[in-house]
Amino acid sequence: MPDLPSAATPHDPYAALRLPEFRAYILARFTLTLALQMQSVVVGWQVYQLTHDKLALGLIGLAEAIPAILVSLVAGHVADATPRKAIVQVATTGFAICTALLLAFVALPGGQALLIRTHAWPIYGVIFLSGISRGFISPALFSFMPQLIGRRELLSNAITWSSTTWQSASVAGPALGGLLLGYAPRWFGLPGLPAAYGADLALTLFSLTILTVFVRARSLPPREAPAVPESLWVSLTSGLRFVFGHQLILGSISLDLFAVLFGGAIALLPVYATDILRVGPEGLGILRAAPSVGSVLMLVILNYLPVRHRAGYKLLGSVAGFGLATIFFGISTSFYLSVALLFLTGAFDAVSVVLRSNLLHLHTPEHIKGRVSAVNSIFIGSSNEIGAFESGVAAKLLGTVPSVVFGGAMTLVVVAVTAWRAKALRQM
């Protein structure tokens, strides 16, 4: 098993940031993530105002997860066979087109009339298209970053900074989306939805520009020649075979999969903001940003104090903490306490994200990283959206608060079963 740096190794927390192309890469990723996180909170608010249906919020996640899952294995194969930068550029262009459509629905008279007639269904259609882009961009981004680093000893530091960038954008994106929804009429004289979608589109195009101009395209490392020629099906499924044959990777992915599937309350935040905490779109932006604030602060700590010992127990403990914080959030009726508990869910989640990313990068051969990342996207990335659907269904059947408490309790059950069954993970 590859080791993380020993305690005696001098640690430079800014090592990866000293590489100009990596700085350009994380700037492009930051602005794209900022745009997507803004879009997520704005779409959730718009759909709930159109439908006043909790299940409708869950359908947003399902509309994005289904196409992402369907294309994931093909996307992983493509990421290992073609220039990864080109894939990211095409997928980002797809995001821009989808955002332009959402803007047209609220800014043009024809788009407004369409929503009046059909409610949220055109929005679901656009989110379905964006799910295709997401399915292709995830394995391409994951496997492109190591090509920019070039040095294995910098990889762990780059992973932490990349995660910090993503979480920082996840802090600012929901907050910016909520602020534009609530204050754009006062600040700019524009309705909230067109202002938010317009800013979203501008950020997406800026990300595409940074990626195109400042990050060089790099060729793929040569694939290892298989003992016998591979069929397309064998190539497509090689990521699945690798993950299911590697106990540490399978254990860490499974742990996060079920924790996110059952423990996520994010999809129901519009309900909490509107009906339980009564804080409006501005409060929704703060609630959405709180987990990412916790993640960013934890990731900054991990940049200076990386995990070196007892990583398995820390991974299990962080997911258990996530479940407990989710339970208490579910029953909270105080806005400030709810924000603090969401902050804790993000801090705990950051630990598991960094540890799992290190496992994937350090244990996966370069020539199949796209395909293994595609499997990770199926299990982890899409579990956020499927978890959102589960939350919507559970809230519809059980009620909002019982569904969130149930999800947190199930997360604790998953941790207990994983700790009991996955000896290799405990001893990591």
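The preceding data block contains the structure.
So, here is what we can say about the structure in this document. All figures in this text were calculated on a predicted structure; none of them were measured in a lab. Here the residue numbers are simple positions, counted from 1 along each chain's written sequence. Two thresholds apply to this predicted model, a pLDDT of at least 70 for residue-level local features and 80 or more for giving and counting side-chain atom pairs, whereas whole-chain, interface and lining totals are computed over all residues. Calculated side-chain values reflect all of the structure's heavy atoms, with hydrogen atoms and water omitted.

Below, the discussion takes up the overall build of the protein chain. Under the scheme used here, helices are H or I runs from DSSP no shorter than 4 residues and strands are E runs no shorter than 2 residues, and both carry numbers assigned from the N terminus. Within the protein chain, the secondary structure is distributed over 16 helices and 0 strands. Burial status follows relative accessibility: with a 1.4 Å probe on protein chains alone, a residue under 20% of its type maximum counts as buried, one over 50% as exposed, and anything between as partly exposed. The buried share of the protein chain, reckoned over its 428 residues, is 55%. In the structure as shown, the protein chain presents an accessible area of about 17600 Å², 70% of it carried by carbon and sulfur atoms. Per-residue and other accessible areas follow the Shrake-Rupley method at a 1.4 Å probe size, with only the shown protein chains counted as cover for residues.

Moving on, we come to unusual backbone geometry. A positive phi angle, near 60°, is found at His119, a position not held by glycine. Assignment of secondary structure puts His119 in the loop between helix 4 (109–118) and helix 5 (121–149). Phi is positive for Arg278, which is not a glycine, with a value near 55°. Note that Arg278 resides in the loop between helix 10 (269–276) and helix 11 (280–304).

Here a Phe, Tyr or Trp ring, Trp counted by its six-membered ring, pairs with any other such ring whose centre lies within 6.5 Å, and the pair is stacked when the planes are under 30 degrees apart, edge-to-face when over 60, and tilted otherwise. One pass over the structure, following the stated rule, counts 7 aromatic pairs. Pairing Phe22 with Tyr25 gives two aromatic rings, centres 6.1 Å apart and planes at 25°, and the pair type is stacked. Placement of the pair is Phe22 and Tyr25 together in helix 1 (residues 20–51), with a separation of 3 residues, close to one helical turn. Residue Phe22 shares its accessibility class with Tyr25, and that shared class is buried. When the centroid spacing of 5.3 Å and the interplanar angle of 70° are considered together, the rings of Trp121 and Tyr124 count as edge-to-face. Residue Trp121 and its partner Tyr124 are located together in helix 5, separated by 3 residues, close to a single helical turn. Owing to a relative accessible area of 60%, Trp121 belongs among the exposed residues under this scheme. On the basis of relative accessible area, Tyr124 is assigned to the buried category, the value being 8%.

The next point concerns the packing of helix 1 against helix 7 (residues 192–214). Helices that pack against each other are described as a pair by the angle of their axes relative to one another and the distance between those axes. Running from amino to carboxyl end, helix 1 crosses helix 7 at an angle of 160°, the nearest separation of the two axes being 8 Å. Considered as vectors, helix 1 and helix 7 are oriented roughly antiparallel to each other. The chirality of how helix 1 crosses helix 7 is left-handed. For helices, the axis comes from a line fit to the C-alpha atoms of the stretch in contact; other axes are also lines fit to C-alpha atoms, and the angle between any two N-to-C directions lies between 0 and 180 degrees. Here is the rule for angles: anything less than 35 degrees is roughly parallel, anything more than 145 is roughly antiparallel, 65 through 115 is roughly perpendicular, and the remaining ranges are oblique. Here is the rule for handedness: rotate from the far helix to the near one, and if that takes an anticlockwise turn smaller than a right angle the crossing is left-handed, while a clockwise turn gives right-handed.

Our focus in this paragraph is the nonpolar core. The set of buried Ala, Val, Leu, Ile, Met, Phe, Trp, Tyr and Cys residues whose side-chain atoms join them within 4.5 Å is what this entry labels a nonpolar core. One finds Val43, Val47, Ile123, Leu287 and Phe329 to be the most contacted residues of the largest nonpolar core, which totals 49 residues. Here this core takes 9 residues from helix 1, the largest share from any one element. Any two residues having at least one pair of non-hydrogen atoms within 4.5 Å are treated as being in contact. Apart from the residues lying within four places of it in its own chain, the contact partners of Leu287 are Leu269, Ala273, Leu277, Val279, Phe335, Ser338, Val339 and Leu342. Judged by nonpolar contacts, the second largest core, of 29 residues, contains Ile26, Phe95, Ile210 and Leu211.

Attention shifts here to the environment of Glu21. Take Glu21: it is sitting in helix 1. With 195 residues separating them along the chain, Glu21 and Arg216 place their C-alpha atoms 7.6 Å apart.

As a further point, take the environment of Gly312. Within the fold, Gly312 resides in helix 12 (residues 311–331). Judged by relative accessible area, which is 0%, Gly312 ranks as buried. For the pair formed by Gly312 and Leu425, sequence separation is 113 residues and the distance between their alpha carbons is 5.2 Å.

It is worth spelling out the side chain of Ser133 at this point. With respect to the helices, strands and loops of the structure, Ser133 is situated in helix 5. Not counting residues up to four positions away in its chain, the partners in contact with Ser133 are Ala91, Gly94 and Phe95.

This part is about the pattern of salt bridges. Should the charged atoms of two oppositely charged side chains come close, the side chains can pair. By salt bridge we mean one thing: a side-chain nitrogen of Lys or Arg within 4 Å of a carboxyl oxygen of Asp or Glu. Per the counting criterion, the structure on display carries 2 salt bridges. For Asp80, the salt bridge identified is with Arg84, shortest N-O distance 2.9 Å. Across the pair, exposure class does not vary: Asp80 and Arg84 are buried alike. Linking Arg371 and Asp80 is a salt bridge whose minimum nitrogen-to-oxygen distance equals 2.8 Å. Taken together, the positions of Arg371 in helix 14 (residues 369–398) and Asp80 in the loop between helix 2 (54–79) and helix 3 (84–107) put the pair 291 residues apart, joining distant regions of the chain. According to the relative accessible area criterion, Arg371 is buried, its value standing at 3%.

Attention now moves to a nonpolar patch on the surface. By definition, no residue in a patch forms a salt bridge, and every one has over 30% relative accessible area; like charges are joined within 9 Å, nonpolar side chains (Val, Leu, Ile, Met, Phe, Trp, Tyr) within 5 Å. A contiguous nonpolar surface patch, about 600 Å² in accessible area, is contributed by Ile66, Leu70, Ile97, Leu101, Phe128, Leu129 and Ile132. Secondary structure elements with two or more residues in the nonpolar patch: helix 2, helix 3 and helix 5. Ranked by residues supplied to the nonpolar patch, first place goes to helix 5 with 3 residues. By the secondary structure assignment, Ile97 is in helix 3.

Packing of helix 6 (residues 155–188) against helix 13 (residues 335–363) brings their axes to within 10 Å, and their N-to-C directions diverge by 140°. When the axis of helix 6 is compared with that of helix 13, the two are oblique. In terms of crossing hand, the pair formed by helix 6 and helix 13 is right-handed. Only Asp349, Val353, Val354, Ser357, Asn358 and His361 of helix 13 make contact with helix 6, whose side of the interface consists of Leu155, Ser156, Ile159, Thr160, Ser163 and Gln167. In terms of residue class, the contact of helix 6 with helix 13 is built from 4 nonpolar, 7 polar and 1 charged. Gly is put with the polar residues, along with every residue not named as nonpolar or charged; the nonpolar set is Ala, Val, Leu, Ile, Met, Phe, Trp, Tyr, Cys and Pro, and the charged set is Asp, Glu, Lys and Arg.

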